[in-house]
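Observations on the model geometry
These are the residues of each chain, in order.
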Amino acid sequence: MKQFSLRFVFSSLILLVFFSASYYFGIYATELARNERKEWLEKKAWELTNSLSEEDLVGQVIHIAIPLKTVDPIALEEIKNTRPGGIILFGKNLGKKSEIISLTENLQLTAKSENLMPFLISTDQEGGRVFRVQDGITEYPGAMALGQTGNEKWGEIVGFVTSYELNSLGLNFLFAPVLDINNNPLNPVINTRSFGSDAKRVSDVAVAYERGAREGGALPVIKHFPGHGDTNVDSHLGLPQIKKTLKELSTLELIPFKKAIDNGAEAVMSAHIVYPYIDEKYPATLSKKILTGVLREKLNFDGIIITDAMEMHAISKHYEKDKPGVLTLLAGANIVLLTSWGETARKFKAQIQTAYKNGEFFYKNKEGKEEDILKQAVQKQILKKIELGIFGQNSVFSDLYSENKNFADFLAKRNEERKQKYQILVSKNQYVKEINSDSIRAYPKSFEAPKFEPNKTIAFVKNRQIMEQLKMEGIQTESFKNLNSKLANKLFTHFIFDSVSEKEVSIIAGLAKKHKTKQFIILHGGTPFIKLPEYSNLQYLLSFSLTKGSWMALTEKLKEGKTVPKADLILLPKGAVTPSKGAFPERL
């Protein structure tokens, strides 16, 4: 018996050693394969960078826009002249799904025919106020709506699906998510583009969005570093300042950026904002103290830095004579983003090319070796292009991935995993209805839906989705011309309205103030950063988003009978002047 026990213990030890060895060998083999891929990527990116002419090196760091939905003669001429590293697309370029696919394919074929590296093709697809692609992509609520859920799972799903679907259309560079904390309700440009007014909500949900988007296939860009939330000037139209020290920024604005970078974020967009306590002279986009000193060195970010659009007035009206294209590259940026073409693109290319010829991009490192800042910027971008898998059939070096079986197998496996994950989400309808429902919030207190008696409730709404849903519930909808007569009718006790603007809210609030015995409910889809008058007989339901799904979710909250939580936001203080809408007015 004793001998049996000894044999059992000895056999168990052998099995334990075997399985432990197998486990650790598996980890070692995986790490070895990862390191081999990393070394090959680095070497290949430098090889391609060093093969470029001076003109192509300069062109690669510039991204431009094009005028139409096709590669028309103007677009073709601009690509030939600028030889850019990427193309940004706007609503005017993005039509039906088939048109988008045709455009992105033809752009990559044009790059190939011009012997250019494949393009990073970008767009601002934040959702909500900034929703460029209208066809071929799932319509989720905007960032602030998503942030109000506080649900990291929802953030990751929206990021993944948005990125996957954009990538399927040929858009491989996603200018989202916004990591700005909108703690200043007077902010005219960030507003509902932010995930929230507090660092935790933005850090949790927006960073989850970035993680999901990175997995989806298009490269997400966190923006606008080091934070555009506490401004009351739109950098499209003026030059904002944030008078905070680096220590102060570290307690709020930098928190989501640090978390995203620590979690593997690979691309950052700079803000055209002056932080005078860090750099008195230059905005973040042009500041080496911020892009290199803070972002690269303090936050250890080693990915791509892209500027916000250089035509924005914060740059074009204040720093045009300072050669901003050169300054931003010297500060640490890798890509100069232009939202135009023609004269502006030629000007930026000329200033960068002249500076390169004059040796302004060369410096000696600590070991005394000469370094080339322009080549370093290009190499980072080309490395990312290889890593994204866009050196395909429609590109130069179409057989590039066959050079490294390890990387080719890795790409194939990653693409298959993405596809499977997307198919699972599609089978669950991408959780769109649940996310919309979860995002609805109340103001000025939590909302308990009353038991509506159809013969005592009446709605004056413009939105067709709301109108149809209310009719299904047996609630009467009326024309506004009959409003006064219905208010005078003692039979009606509950009045439902929809709104998108402060003017509409003001009119309805005025009615609530006058008719104190009636109950008023406003279903508000626009920005909440407006005057929201408070009366005991007036309640707001907020969606922060004007999508069809958001309107439907607002209406469903009326009949659910569940408590709707109060909005967790810093809204306008009493007596404040409502901010202008800036460069991004409400849409959809």
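Structure: above.
Now for a description of the structure that goes with this document. (Residues numbered from 1 in each chain as written. Predicted model: local features only at pLDDT ≥ 70, side-chain atom pairs only at ≥ 80, totals over all residues. Heavy atoms only, no water.)

**Considering the overall build of the protein chain**
Cut-off, in case you're wondering: The secondary structure listing takes helices from DSSP runs of H or I that are at least 4 residues long and strands from runs of E that are at least 2 residues long, numbered from the N terminus. With C-alpha atoms as the basis for the radius of gyration, the globule rule is written as 2.2 Å multiplied by the number of residues raised to the power 0.38. We call a residue buried when its accessible area falls under 20% of the maximum for its residue type, exposed when it is over 50%, and partly exposed in between, using a 1.4 Å probe and counting protein chains only. Contacts between residues were defined by any pair of non-hydrogen atoms, one from each residue, lying within 4.5 Å. When charges are counted, neither His nor the chain ends are considered; positive counts come from Lys and Arg and negative counts from Asp and Glu. To locate a charge, take NZ of a lysine, CZ of an arginine, CG of an aspartate or CD of a glutamate.
In terms of regular secondary structure, the protein chain is built from 20 helices and 21 strands. Compactness check: the protein chain gives a C-alpha radius of gyration of 27 Å against a globular reference of 25 Å for 588 residues, within 12% of the reference. Buried positions account for 56% of the 588 residues belonging to the protein chain. Taking contacts inside the protein chain between residues at least 6 apart in sequence as the whole, the part at least 24 apart equals 76%. The protein chain carries 79 positive and 67 negative side-chain charges, and their two centres are separated by 6 Å.

**Re the pairing of strand β18 (residues 494-499)**
Operational definition: Following DSSP output, two strands are said to pair if at least two bridges run between them. Place the viewer so that the strands point away; then a crossover is right-handed whenever the path from the first strand over the helix to the second strand goes clockwise.
Where burial is concerned, most of β18 is hidden: 6 out of the 6 residues are buried. In this sheet, β18 lies alongside strand β16 (residues 457-460) in parallel orientation, the contact comprising 4 bridges. In the sheet register, Phe 460 faces β18, and the bridge partner there is Phe 497. Here β18 runs beside strand β19 (residues 519-524); their pairing, made up of 6 bridges, is parallel. Each residue of the ladder has a partner; that of His 494, found in β19, is Gln 519. The parallel pair β18 and β19, bridged by helix α19 (residues 502-514), forms a crossover whose chirality is right-handed.

**Focus: the packing of helix α12 (residues 324-331) against helix α13 (residues 343-357)**
Each pair of packed helices can be summarised by the angle the axes make with each other and by the distance between the axes. Test applied: To obtain each axis, a line is fitted to C-alpha atoms, and for helices this fit is confined to the stretch in contact; angles are then taken between N-to-C directions over 0 to 180 degrees. Each angle gets one of four labels, with under 35 degrees taken as roughly parallel, over 145 as roughly antiparallel, 65 to 115 as roughly perpendicular, and the rest as oblique. For this classification, Asp, Glu, Lys and Arg are treated as charged, while Ala, Val, Leu, Ile, Met, Phe, Trp, Tyr, Cys and Pro are nonpolar and the rest, including Gly, are polar.
Contact pair α12 / α13: the axes reach a minimum separation of 8 Å and the direction vectors enclose 55°. With respect to α13, the axis of α12 lies oblique. Every residue of α13 that contacts α12 at Pro 324, Gly 325, Val 326 and Leu 329 is listed here: Phe 348, Gln 351, Ile 352 and Ala 355. Of the residues contributing to the contact of α12 with α13, the split by class is 6 nonpolar, 2 polar and no charged.

**Notes on the pattern of salt bridges**
Note the threshold: Salt-bridge detection follows one rule: a side-chain nitrogen of Lys or Arg within 4 Å of a carboxyl oxygen of Asp or Glu.
Evaluation of the coordinates by the stated rule reveals 34 salt bridges. Note that Glu 387 is salt-bridged to Lys 384, the shortest N-O span being 2.7 Å. With Glu 387 and Lys 384 both in helix α14 (residues 373-388) and 3 residues apart, the pair spans about one turn of that helix. Its salt-bridge partner being Glu 504, residue Lys 462 comes within 3.3 Å of it at the nearest N-O pair. Placement of the pair is Lys 462 in the loop between β16 and α17 (464-472) and Glu 504 in helix α19, with a sequence separation of 42 residues.

**Remarks on the packing of aromatic side chains**
Rule in force here: Geometry of aromatic contacts follows a simple scheme: Phe, Tyr and Trp rings, the Trp one being its six-membered ring, pair when their centres are within 6.5 Å, and the pair is stacked under 30 degrees between planes, edge-to-face over 60, tilted otherwise.
Under the counting rule described, the total for this entry stands at 19 aromatic pairs. With 6.2 Å between their ring centres and 50° between their planes, Tyr 356 and Phe 361 make a pair best called tilted. For Phe 361, a relative accessible area of 0% translates into the label buried. Ring geometry for Phe 460 against Phe 495: centres 6.4 Å apart, planes inclined by 10°, an arrangement best described as stacked.

**Quick look at the sheet that holds strand β1 (residues 62-65)**
Read across the sheet, 6 strands follow the order β7-β6-β3-β2-β1-β11 without closing on themselves; strand pairing throughout is parallel. The sheet terminates laterally at β7 (219-220) and β11 (336-337), the two strands that pair on one side only. Bridge count between β1 and strand β2 (residues 86-88): 3 bridges; the pairing is parallel. Residue pairing in the sheet places Ala 65 in a bridge with Ile 88 of β2.

**Notes on the side chain of Lys 385**
Inspection of the secondary structure puts Lys 385 in helix α14. Of the side chains with opposite charge, Asp 56 lies nearest to the buried Lys 385, which makes no salt bridge, at 11 Å. Setting aside anything within four residues of it in sequence, one finds Lys 385 in contact with Gln 60, Gly 85, Met 117, Pro 118, Phe 119, Leu 120, Ile 390, Phe 391 and Tyr 401.

**With respect to the sheet that holds β18**
Taken together, the 6 strands give an open sheet; going across it, the order is β14-β20-β19-β18-β16-β17, and neighbouring strands pair in mixed fashion. With partners counted over all chains shown, the strands left at the sheet margins are β14 (441-443) and β17 (476-477), one partner each. Across the face of the sheet, α19 comes into contact with β18, β19 and β20 (538-542) while running at roughly 170° to β19. Sitting on the sheet, helix α20 (residues 548-560) touches β18, β19 and β20, and the angle it makes with β19 is about 155°.

**A word on the pairing of strand β9 (residues 267-270)**
Burial of the side chains of β9 extends over both faces: Ala 267 and Met 269 are buried on one face and Val 268 and Ser 270 on the other. In this structure, strand β8 (residues 222-225) lies alongside β9, joined through 3 bridges in parallel fashion. Bridge pairing in β9 links Phe 225 to Ser 270. Two strands pair when backbone bridges link them, and β9 and strand β10 (residues 304-306) are joined in this way by 3 bridges, in the parallel orientation. Each residue of the ladder has a partner; that of Val 268, found in β10, is Ile 305. Crossover handedness for the path β9 to helix α10 (residues 288-298) to β10: right-handed.

**Observations concerning the nonpolar core**
For the record, the criterion: Residue types Ala, Val, Leu, Ile, Met, Phe, Trp, Tyr and Cys, when buried and joined through side-chain atoms within 4.5 Å, form a set referred to as a nonpolar core.
Ile 352 and Ile 386 are the most contacted members of the largest nonpolar core, which has 111 residues in total. Setting aside anything within four residues of it in sequence, one finds Ile 352 in contact with Val 58, Val 61, Ile 62, Gly 325, Val 326, Leu 329, Val 336, Phe 361 and Leu 374. Core analysis: the next-biggest nonpolar cluster, separate from the first, contains 27 residues, Phe 529, Leu 532, Tyr 540 and Leu 571 among them.

**Brief notes about the packing of helix α3 (residues 73-82) against α13**
Packing of α3 against α13 leaves a shortest axis separation of 10 Å and a crossing angle of 5°. What the angle tells us is that α3 and α13 run roughly parallel. Of the residues in α13, those in contact with Glu 78, Asn 81 and Thr 82 of α3 are Ala 345, Arg 346 and Lys 349. Residues belonging to the contact of α3 with α13 are distributed by class as follows: 1 nonpolar, 2 polar and 3 charged.

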